[in-house]
Amino acid sequence: MNEETVQDLPPSAKLVLKVLEYNGGLTQKEIVEKSRLSQRTVRDALERLQESDVVQKDIYIPDARQNLYQLDVETEADADAADEQSAALLD
């Protein structure tokens, strides 16, 4: 995940990003409950995060009418690689 991309996001999108980081994959309804943001705000934040390739949308198996939102797998790998690079520099 590019830090510039995250810095350019509105605060609501950053909050949704953090909720997904802490809780893993969630439906839009679950994100609304955990973030206490309005449904419209969460929907807009998720659209922005998807456009930035930070979040991916999948089918929610228990209820196919809903979508499951989770951090993009490449985004998590990039974050892990960045952490390893930082640790190597500190050694």
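Bear in mind the structure is a predicted one, so any value in this text is a computation, not a measurement.

Chemist: Before we go on, may I ask you to explain the packing of helix α2 (residues 11–23) against helix α3 (residues 28–35) in this structure?
Modeler: Helix-helix packing is characterised by the crossing angle of the two axes and by the distance between the axes. Following both chains from N to C, one finds α2 and α3 inclined at 105 degrees, their axes separated by 10 Å at the closest point. The pairing of α2 with α3 is recorded here as roughly perpendicular in orientation. Listed contacts from α3 to Leu15, Val16, Val19, Leu20 and Asn23 of α2 are Ile31, Lys34 and Ser35. Taken together, the residues of the contact of α2 with α3 break down into five nonpolar, two polar and one charged.

Chemist: Explain the environment of Glu47 to me, please; I cannot follow it from the model alone.
Modeler: The residue Glu47 is located in helix α4 (residues 39–51) in this model. Relative accessible area serves as the criterion here: at 42%, Glu47 is assigned to the partly exposed category. Remark: the alpha-carbon pair of Glu47 and Ala13, spanning 34 residues in sequence, is separated by 9.0 Å.

Chemist: Can you walk me through the pattern of salt bridges in this structure?
Modeler: This model, assessed by the stated rule, comprises three salt bridges. Of the charged contacts in the structure, one is a salt bridge between Arg65 and Asp63, with a shortest N-O distance of 2.9 Å.

Chemist: How should α4 be read in this particular structure?
Modeler: Residue pairs spaced three or four apart in an α-helix point in one direction, given the helix's 3.6 residues per turn. For α4, with 13 residues, the first-to-last C-alpha span of 18 Å sits near the 18 Å given by 1.5 Å per residue. Buried residues along α4 sit against α2, α3, β2 (55–59) and β3 (67–71). Following α4 by one or two positions, Asp53 adopts a phi angle in the positive range, close to 60 degrees.

What counts and what doesn't
- Residues numbered from 1 in each chain as written.
- Predicted model: local features only at pLDDT ≥ 70, side-chain atom pairs only at ≥ 80, totals over all residues.
- Heavy atoms only, no water.
- Axes fitted to C-alpha atoms, helices over the stretch in contact; angles between N-to-C directions.
- Helix = DSSP H or I, 4+ residues; strand = E, 2+ residues; numbered from the N terminus.
- Parallel < 35°, antiparallel > 145°, perpendicular 65-115°, else oblique.
- Contact = heavy atoms within 4.5 Å.
- Nonpolar A, V, L, I, M, F, W, Y, C, P; charged D, E, K, R; others polar.
- Buried < 20%, exposed > 50% of the residue type's maximum accessible area, 1.4 Å probe, protein only.
- Salt bridge = Lys/Arg side-chain N within 4 Å of Asp/Glu carboxyl O.
- Expected span 1.5 Å × (residues − 1).

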